[in-house]
Protein chains: 2
Amino acid sequence: MSRPTLADVAARAGVAISTASRALHRPGRIRAETAARVRAAADELGYVPSAAARQLHRSSAGAVALVVPDLTNPFFMALVRGSTRLLRAHDVVQVVADVEEEPESEEQTLAALAGRVDGMLLAASRLDAATLSTWSRRVPLVAVNHDAGDPEVPTVTIGTQGVEEAVEHLAGLGHRHLAYASGPATSWADARRRTAVVETCARLGVRLTDLGHHPPRRDAGAAAADAVLRSGATAVLTFNDLQAFGVLDRLASRGVQVPEDVSVIGHDDIFGADLTSPALTTVTVPAEELGARAAARLLGAVGLATAAPSAPPAATGPASTGPDRLATHLTVRGSTAPV
Amino acid sequence: MSRPTLADVAARAGVAISTASRALHRPGRIRAETAARVRAAADELGYVPSAAARQLHRSSAGAVALVVPDLTNPFFMALVRGSTRLLRAHDVVQVVADVEEEPESEEQTLAALAGRVDGMLLAASRLDAATLSTWSRRVPLVAVNHDAGDPEVPTVTIGTQGVEEAVEHLAGLGHRHLAYASGPATSWADARRRTAVVETCARLGVRLTDLGHHPPRRDAGAAAADAVLRSGATAVLTFNDLQAFGVLDRLASRGVQVPEDVSVIGHDDIFGADLTSPALTTVTVPAEELGARAAARLLGAVGLATAAPSAPPAATGPASTGPDRLATHLTVRGSTAPV
DNA sequence: ACCCTACTGGCAAACGTTTGTCACCGCGTC
DNA sequence: GACGCGGTGACAAACGTTTGCCAGTAGGGT
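Conventions we followed
Residues numbered from 1 in each chain as written. Chains lettered and ligands numbered in written order. Predicted model: local features only at pLDDT ≥ 70, side-chain atom pairs only at ≥ 80, totals over all residues. Heavy atoms only, no water. Pairing = 2+ DSSP bridges. Helix = DSSP H or I, 4+ residues; strand = E, 2+ residues; numbered from the N terminus. Axes fitted to C-alpha atoms, helices over the stretch in contact; angles between N-to-C directions. Contact = heavy atoms within 4.5 Å. Least-squares fit on C-alpha atoms with pLDDT ≥ 70 in both. Salt bridge = Lys/Arg side-chain N within 4 Å of Asp/Glu carboxyl O. Polar contact = N/O pair within 3.5 Å; in protein donor to acceptor, adjacent residues only side chain to side chain. Nonpolar A, V, L, I, M, F, W, Y, C, P; charged D, E, K, R; others polar. Buried < 20%, exposed > 50% of the residue type's maximum accessible area, 1.4 Å probe, protein only. Near = heavy atom within 4 Å. Expected span 1.5 Å × (residues − 1).

Asks: It is not clear to me how the sheet that holds strand β9 (residues 263-268) of chain B should be interpreted in this structure. Could you clarify?
Replies: Backbone-to-backbone hydrogen bonds pair the strands of a sheet. The strands run either parallel or antiparallel. All names here are of chain B. Taking strand neighbours across the sheet as the criterion, the six strands line up as β7-β6-β8-β9-β10-β12 in an open arrangement whose pairing is mixed. Unpaired on one side and paired on the other, β7 (207-213) and β12 (329-331) mark the two borders of the sheet. Adjacent strand axes in the sheet meet at a mean angle of 20° when their direction is disregarded. Pairing of strand β6 (residues 177-182) with β7, which is carried by five bridges, proceeds in the parallel orientation. Its bridge partner being in β7, serine 182 is matched across the sheet by histidine 213. On the sheet, helix α10 (residues 221-231) packs against β6, β7 and β8 (235-238) and is oriented at approximately 150° with respect to β7.

Listed below in structure tokens is the structure:
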């Protein structure tokens, strides 16, 4: 009582398996009347070709995986959307996997998915550089916003201009003591972002307090907010907007005015950043473009880029061109003000 | 220069293919020394077993697909998270696909995915009942929040208690004229929700204006807000929170006070619903549980439910028990007030 | 009457894996 | 010394599909 196979369809139509296969995929190759009979049989049986068998014959799966640390983070949703669009245009199936910020879960997912796709997009991987390099030797992959330092691992990242602008913006408002709330210790992006903050502060002669690592979640913002108040800083930059939301929540419930008492700057400009009150000043990241760019790189690497994308003709452009470091910029809203 | 196969590994280790296979998957069956040699060879070659070939031999893919209309909608993120958790606990790979609210894209995705998974979860499908029934005959699927009316199609839905409570809440605050902003015309959930509003209004003797269909996006809320003001209603219920956010945006920019001038109630209680100012009164939906329940149903249907889930032992429970209609309730925040 | 061509449909191999079955080896036992 | 036995490894079949190749047929031109 398993799913019907091509053999069942062929039997019901009274033809050979090969004829059935051609009737379904080689228009013109089989007489119209025969082909119609085969299609009818397939329809009645509810036949669905087994992708596994097909994939076994061709050597390609026609699918790529996108692995993200946390699907409930709006930032990654936007990234997903970007890669989805591009991949669909090239008739490549995308499978998305959420690893819930767990490195073990991430590696487990890689193992489970590696054999069923032609390549993988690893967004903000929490894996260390060595593990990433190892996997890169096993399966074509593109690291998004995580540079393993291994030139063999193709990488698409974002620049730190936005972070520098953020610090400059605060300094320009007269802030002389900032605080930075770090993200996960295993996040490459956090290390990079923190370095940019440190250097810019040094350059501008602004004092900086490092608040330590906090999970990239909204509820982690409470601890960060308390740390800010203890530090005496007049402004805080957080690793991402989710944390910034939490900081805003906590400051409000402690009666601290934003931006009058403390200025807050997030990172990513995710969905909701303009909903808070005050609306969040944050670093805008072209998440959708990031996803699309990474997907394009991967397609180029695995040779899946169709010459003529089926959907939008010019918009997506050649699959593997363009810079692999995207620019970011500060978007000023209401959560920052002069001291 | 293709990916290495088991044959390559076996050759390098100087054993037969079958020996290599057993060395990797049947601990004890092969002498430890030989097995170690095979594992070393596999490692050096970066061998990754082809899921396709494996799947061909067993008849199961060990994977299910989750198809959602819009991944950037926080509601579906929560749903994804719920099914991810349950599926991971049963060692089933989940692939998520976003169809961007397009019925054609949805059917195309079904076709592309049907052959590579054991079953599918269709969340808030925009497909009509007949098409859904047809696909249900082709591949095991569970419809989430979409009842095709076909008893052959397993379905998990949410109740309308929350919507009724919302109307009662408004009536209790003295509102005598409500408006309802519908979602997509092809949404079963919208039809159901609207009916609940209509009936409850009739029961309570409250006047209701139907504002017509609006896309379930934030930007569509502007048109809905304008329609509300034209209608003269003192309160509006929207199909979902995204629309409610847009309504809030628009009313604010037109200088209309919420909740003093107009009360607003959304639906879903998505991420961000408590961030708006005023915070949104909305119908809370157990999205995560909805995803988990649907996944459990599917596993039960395709016989993939492992007797002993690998991760959380009791929490997930037996795969196919529990009601298939989940309760919702109103969560009152700041966007509703007496007339 | 013959051959060439165009068209249709079938045979069988191949893709990479898992696993039932079997052969072989060395050992101890009678 | 023959036999049985446990342990180890190889052979080959099977999963469902695609496709190169070939055979058969019909029709038309010479």
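Asks: Looking at this structure, how should I read the sheet that holds strand β8 (residues 235-238) of chain A?
Replies: Residue and element names in this part refer to chain A. Read from one edge to the other, the open sheet built from six strands follows the order β7-β6-β8-β9-β10-β12, with strand pairing classed as mixed. Single-partner strands in this sheet number two, and they are β7 (207-213) and β12 (329-331). If you compare each strand with its neighbour and ignore which way they point, the axes differ by 20° on average. Of the strand pairs in this sheet, strand β10 (residues 281-284) and β12 are connected by three bridges, and their pairing is antiparallel. Bridge pairing in β12 links threonine 284 to histidine 329.

Asks: Can you walk me through the relation of the copies chain A and chain B in this structure?
Replies: Mapping between the two copies of the chain is achieved by a rotation about an axis and a shift along the axis. Overlay of chain A on chain B (RMSD 0.1 Å): rotation 180°, translation along the axis 0.0 Å. Between the two chains, the operation in question is that of a two-fold axis. Taken together, the interface assignments show that 100% of the residues at the interface of chain A recur at the interface of chain B, consistent with an identical surface on both copies.

Asks: Could you clarify how one ought to interpret the interface of chain A and chain B in this entry?
Replies: Interface size is commonly expressed as the accessible area that is lost once the parts come together. Of the residues lining the interface, 54 residues belong to chain A; the matching set on chain B comes to 54 residues. In this structure, the connection of chain A to chain B is made through 13 salt bridges. Linking Asp98(A) and Arg81(B) is a salt bridge whose minimum nitrogen-to-oxygen distance equals 2.9 Å. There are 19 residue pairs in polar contact (both at pLDDT 80 or more) connecting chain A and chain B. Ranked by residue count, the leading element in the side of chain A that touches chain B is helix α5 (residues 74-89) of chain A, at seven residues. When its residues are assigned to classes, the side of chain A that touches chain B shows 27 nonpolar, 13 polar and 14 charged.

Asks: Explanation requested: the pairing of strand β4 (residues 141-144) of chain B in the structure shown.
Replies: On any regular strand, side chains alternate: one points to one face of the sheet, the next to the other face. All names here are of chain B. The two faces of β4 match: Leu141 and Ala143 on one face and Val142 and Val144 on the other face are all buried. As paired elements, strand β3 (residues 119-123) and β4 share four bridges and run parallel to each other. Residue pairing for β4: leucine 121 is matched across the bridge by valine 142. Where β4 meets strand β5 (residues 155-158), two bridges bridge the pair, whose relative direction is parallel. Note on β5: the bridge partner recorded for alanine 143 is threonine 155.

Asks: Even after reading the chapter, I still don't get the protein's contact with DNA strand C, so can you show me in this structure?
Replies: Neighbouring DNA strand C are 27 residues, the closest being Thr19(A), Arg22(A), Leu6(B), Arg26(B) and Tyr47(B). When the atoms of DNA strand C within 4 Å of the protein are sorted by group, sugar and phosphate make up 57%. Contacts to DNA strand C include Ala16(A), whose backbone N or O atom sits 2.7 Å from a phosphate oxygen. Here a phosphate oxygen of DNA strand C and a side-chain polar atom of Thr34(A) are 2.7 Å apart. Those elements giving two or more residues to the surface near DNA strand C turn out to be α2 (17-25) and α4 (51-57) of chain A together with α2 (17-25) and α4 (51-57) of chain B. The greatest single-element share of the surface near DNA strand C, amounting to five residues, is contributed by α2(B). Taken together, the residues of the surface near DNA strand C sort by class into nine nonpolar, eleven polar and seven charged.

Asks: Help me out: how do you make sense of helix α12 (residues 287-302) of chain A in this one?
Replies: Residue and element names in this part refer to chain A. Under the 1.5 Å per step criterion, the end-to-end length of α12 is 23 Å for 16 residues, consistent within 8% with the ideal 22 Å. Among the residues making up α12, those that are buried are Ala287, Leu290, Gly291, Ala292, Arg293, Ala294, Ala295, Ala296, Leu298 and Leu299. Against the buried residues of α12 lie β1 (63-68), α5, β3 (119-123), β4 (141-144), β5 (155-158) and β11 (325-326). After α12 finishes, the residue glycine 303 shows a positive phi value of roughly 70°.

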